[in-house]
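Read off the chains here:
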Amino acid sequence: MSNFNLLLVKNSQIEGECILLRPVSFNDAEDMFEYTSDEETTRFLYSPHKDLEQTQSMIANYFVKEPIGKYAIVLKDSNKMIGAIEFRVDDWNKSRDLGFTLNRKYWGNGYMTEAGKLILELAFKELGLERVHAAHGVINGASGKVLLRLGMQREGTLRKSEIIKGVLADSAYYSILKDEYLNAGKKEQ
């Protein structure tokens, strides 16, 4: 096992300009329920949560049980948790899979792009990874736009590769390589 987990624990809180990434806690249940119970926010992921207990169960069994690489997206000015971003490592090829959810009330404000940029900086500058990849259901074009803003390139489509609300769906795959990330950073300077 590599030191990826150790480095992720050391970087369990990451501060951006408007947001803070930190581990999801049980105290986030009400903020999380606000978006997990919203049909529009969850339509490409899972059925909306029917009650707070369902969200509490998800926090306990998914976020708290194995917290490494899973972050709450928190607004710095109000301390409100508005979404989650996760980062799962594949040790064997120095690669990471990126996934995210954002409360619909906060779409279009650049928060997910900021969170993604913080994760990419962690991936390439702290962890020394070679590649970060992500996927979304092809019917979810908004997620694709976020990935493109992060400098990712669309690699293709995997047909019927994921289950969304009990139905097999096609997934669009994206990635960014370390060299592409570092070169894009040089162009911005």
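One can find the structure itself at the top, above this paragraph.
Residues numbered from 1 in each chain as written. Predicted model: local features only at pLDDT ≥ 70, side-chain atom pairs only at ≥ 80, totals over all residues. Heavy atoms only, no water.

1. A few points about the overall build of the protein
Scanning the protein for helices and strands turns up seven helices and eight strands. On C-alpha atoms alone, the protein measures out to a radius of gyration of 16 Å, which is about the 16 Å that the 2.2 N^0.38 rule sets for 189 residues. Taking the principal axes of its C-alpha atoms as reference, the protein extends roughly 45 × 35 × 35 Å. Here the protein holds 189 residues, and 43% of them are scored as buried. Excluding contacts between residues fewer than 6 apart, the proportion of contacts in the protein whose partners are at least 24 apart in sequence is 62%. With the model as given, the accessible surface of the protein reaches about 10,400 Å², and the carbon-plus-sulfur share is 49%. The centroid of the 25 positive side-chain charges in the protein is displaced by 4 Å from the centroid of its 27 negative side-chain charges. (Helix = DSSP H or I, 4+ residues; strand = E, 2+ residues; numbered from the N terminus. Rg over C-alpha atoms; globule rule 2.2 N^0.38 Å. Buried < 20%, exposed > 50% of the residue type's maximum accessible area, 1.4 Å probe, protein only. Contact = heavy atoms within 4.5 Å. Areas by Shrake-Rupley, 256 points an atom, 1.4 Å probe, with all protein chains shown as cover. Lys, Arg positive; Asp, Glu negative; His and termini not counted. Charge placed at Lys NZ, Arg CZ, Asp CG, Glu CD.)

2. What to know about the nonpolar core
Among the nonpolar cores identified, the biggest contains 35 residues, and Leu-21, Ile-85, Phe-87, Leu-98, Val-132 and Met-152 are the most heavily contacted of them. Examining the composition of this core, we find that nine residues originate from one element, helix α5 (residues 111-126), more than from any other. The contact partners of Leu-21, leaving out residues within four places of it in the chain, are Ser-12, Gln-13, Ile-14, Tyr-71, Ala-72, Ile-73, Ile-85, Ala-115, Leu-118 and Ile-119. Val-24, Ile-59, Phe-63 and Met-81 belong to the second-largest nonpolar core, a separate cluster that totals 10 residues. (Core = buried A, V, L, I, M, F, W, Y, C linked by side-chain atoms within 4.5 Å.)

3. Here we look at the pattern of salt bridges
Applying the stated criterion to the full structure yields eight salt bridges. For Asp-31, the salt bridge identified is with Lys-80, shortest N-O distance 3.0 Å. A residue pair is termed long-range when its members are at least 10 positions apart, and Asp-31 in helix α2 (residues 29-36) and Lys-80 in the loop between β3 (70-75) and β4 (81-90) qualify at 49 residues. Taken together, the salt bridges that share partners define one network made up of Asp-31, Glu-34, Lys-80 and Lys-105. (Salt bridge = Lys/Arg side-chain N within 4 Å of Asp/Glu carboxyl O.)

4. As for the side chain of Glu-86
On the secondary structure map, Glu-86 appears in strand β4. With a relative accessible area of 14%, Glu-86 lands in the buried category. Setting aside residues up to four positions removed in sequence, Glu-86 forms contacts with Tyr-62, Gly-69, Lys-70, Asp-97, Leu-98 and Gly-99.

5. Topic: the environment of Glu-15
Structurally, Glu-15 can be placed in strand β1 (residues 14-15). Its relative accessible area of 57% is what places Glu-15 among the exposed residues. Along the sequence, Glu-15 and Glu-130 sit 115 residues apart, while their C-alpha atoms lie 23 Å from each other. Side-chain polar atoms of Glu-15 contact the side chain of Lys-76, separated by 2.8 Å. (Polar contact = N/O pair within 3.5 Å; in protein donor to acceptor, adjacent residues only side chain to side chain.)

6. Side note on helix α6 (residues 141-149)
When α6 is considered as a whole, its buried residues turn out to be Ser-143, Gly-144, Val-146 and Leu-147. Projection of α6 onto a plane perpendicular to its axis shows the buried side chains occupying an angular sector of 155 degrees, all on one side. Within α6, the exposed residues directed more than 90 degrees away from the buried face are Ala-142, Lys-145 and Leu-148. At the C-terminal side of α6, Gly-151 shows a positive phi close to 90 degrees. (Arc of directions from axis to C-beta.)

7. Here's the deal with the pairing of strand β8 (residues 167-177)
With seven bridges joining them, strand β6 (residues 131-137) and β8 adopt antiparallel strand pairing. Within the sheet, the bridge partner assigned to Gly-137 lies in β8 and is Ser-171. The sheet contact formed by strand β7 (residues 153-164) and β8 spans eight bridges and is antiparallel. Bridge assignment links Gly-156 to a residue of β8, and that residue is Tyr-173. If you look at the hairpin formed by β7 and β8, you'll find two residues sitting between the two strands, and Lys-165 has a positive phi there, around 50 degrees. (Pairing = 2+ DSSP bridges.)

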